[in-house]
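The residues making up each chain are set out below.
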Amino acid sequence: MSDRQEKHIQHLKEIQLEQSNSWFDYWMDHSNFGTWEFWANVAFLILPLITLFIVIDRRKALLLGFYGYNVHVFFTYIDAYSTSRVSAFYPYKVLPILPSNFALDVSFVPVAYMLVYQWTLHHKKNYYLYITLLCLFLAFVFKPLLVYLGLFQIIKMNYFDIFLLYLVLSIVSKWVTNVFIFLEKRGKNKS
């Protein structure tokens, strides 16, 4: 490794540590246990998981869980990219060591998608229609509410961009799930 590269890496480490310390200080001042923003994030994390535990179809738990995990992973990557590029910003965290969007990406959004997916399976409804309605709600009602409450800031995108991201990620998550369903059925037929 060259001296130039070594110095660059050291600089990046220093910036990362400074950012981490900055987030901790900010969290202690503005997003700690004594703030309503902290408790709103905790609610976005815990309440959907409790709801899911109560209403999930246990006969299809693996399928729904796999789909929900796809949603979680794709949203985590997209949110990580958009926040690192400062296209969007979440000013409050559950804990300073977690990503700002942790509660939404880990719980709220995946559970909402899973419940719509479960409902369309049970009622033999068109997944794409109902997930589009959910995406419209999330992008044009839920996100503006978060902005109004100061829990989310839009910087280099708009609500239509958010809608498209939600929709594309819901379709990709469903297609990935469908590929694994196909492979499973094919494996059973060969047995």
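Keep in mind the model is a prediction, meaning the values are calculated, not measured.

A. Representation of the side chain of Asn-70 in the model. Along the chain, Asn-70 falls in helix H3 (residues 61–84). For Asn-70, a relative accessible area of 9% translates into the label buried. Here Thr-177 takes part through its side chain, which lies 3.2 Å from a polar atom of the side chain of Asn-70. Apart from residues lying up to four places away in sequence, Asn-70 is in contact with Ser-173, Val-176 and Thr-177.

B. Molecular detail of the confidence of the model for the protein. Of all residues in the protein, 99% have pLDDT values of 70 or greater, and the mean over the chain is 93. Within the protein, the element-level pLDDT minimum falls on strand E1 (residues 88–89), averaging 89, and the maximum on helix H5 (residues 127–149), averaging 98.

C. Molecular detail of the packing of aromatic side chains. Taken as a whole and assessed by the stated rule, the structure comprises 21 aromatic pairs. Centroid distance Tyr-67 to Tyr-117: 4.4 Å. Interplanar angle 45 degrees. Geometry classified as tilted. Here Tyr-67, found in helix H3, pairs with Tyr-117, found in helix H4 (residues 102–123); they are 50 residues apart in sequence, far enough to count as distant. As far as burial versus exposure is concerned, Tyr-67 and Tyr-117 are alike and both buried. Each member of the aromatic cluster is reached from another via a ring pair, and the members are Trp-23, Tyr-26, Phe-89 and Tyr-92. Over the ring of Phe-53 we find Arg-58; its NZ or CZ atom is 5.0 Å from the centre of that ring. In this arrangement the basic side chain of Lys-143 is found over the ring face of Phe-152, its NZ or CZ atom lying 4.0 Å from the centre.

D. Structural detail: the pattern of salt bridges. Evaluation of the coordinates by the stated rule reveals two salt bridges. Across the pair Arg-59 and Asp-57 runs a salt bridge whose closest N-O atoms are separated by 3.2 Å. In this structure Arg-59 comes out as exposed when scored by relative accessible area, which is 74%. By relative accessible area, Asp-57 is classed as buried at 7%. Lys-188 is the salt-bridge partner of Glu-184, the closest N and O atoms lying 3.9 Å from each other. On the criterion of helical spacing, the pair formed by Glu-184 and Lys-188 is a turn pair, its members being four residues apart in helix H6 (residues 159–190). Given the relative accessible area of 59%, Lys-188 is considered exposed.

The rules behind each value
- Residues numbered from 1 in each chain as written.
- Predicted model: local features only at pLDDT ≥ 70, side-chain atom pairs only at ≥ 80, totals over all residues.
- Heavy atoms only, no water.
- Helix = DSSP H or I, 4+ residues; strand = E, 2+ residues; numbered from the N terminus.
- Buried < 20%, exposed > 50% of the residue type's maximum accessible area, 1.4 Å probe, protein only.
- Polar contact = N/O pair within 3.5 Å; in protein donor to acceptor, adjacent residues only side chain to side chain.
- Contact = heavy atoms within 4.5 Å.
- pLDDT = per-residue confidence, 0-100.
- Phe/Tyr/Trp six-rings, centres within 6.5 Å; stacked < 30°, edge-to-face > 60°.
- Lys NZ or Arg CZ within 6 Å of the ring centre and 35° of its normal.
- Salt bridge = Lys/Arg side-chain N within 4 Å of Asp/Glu carboxyl O.

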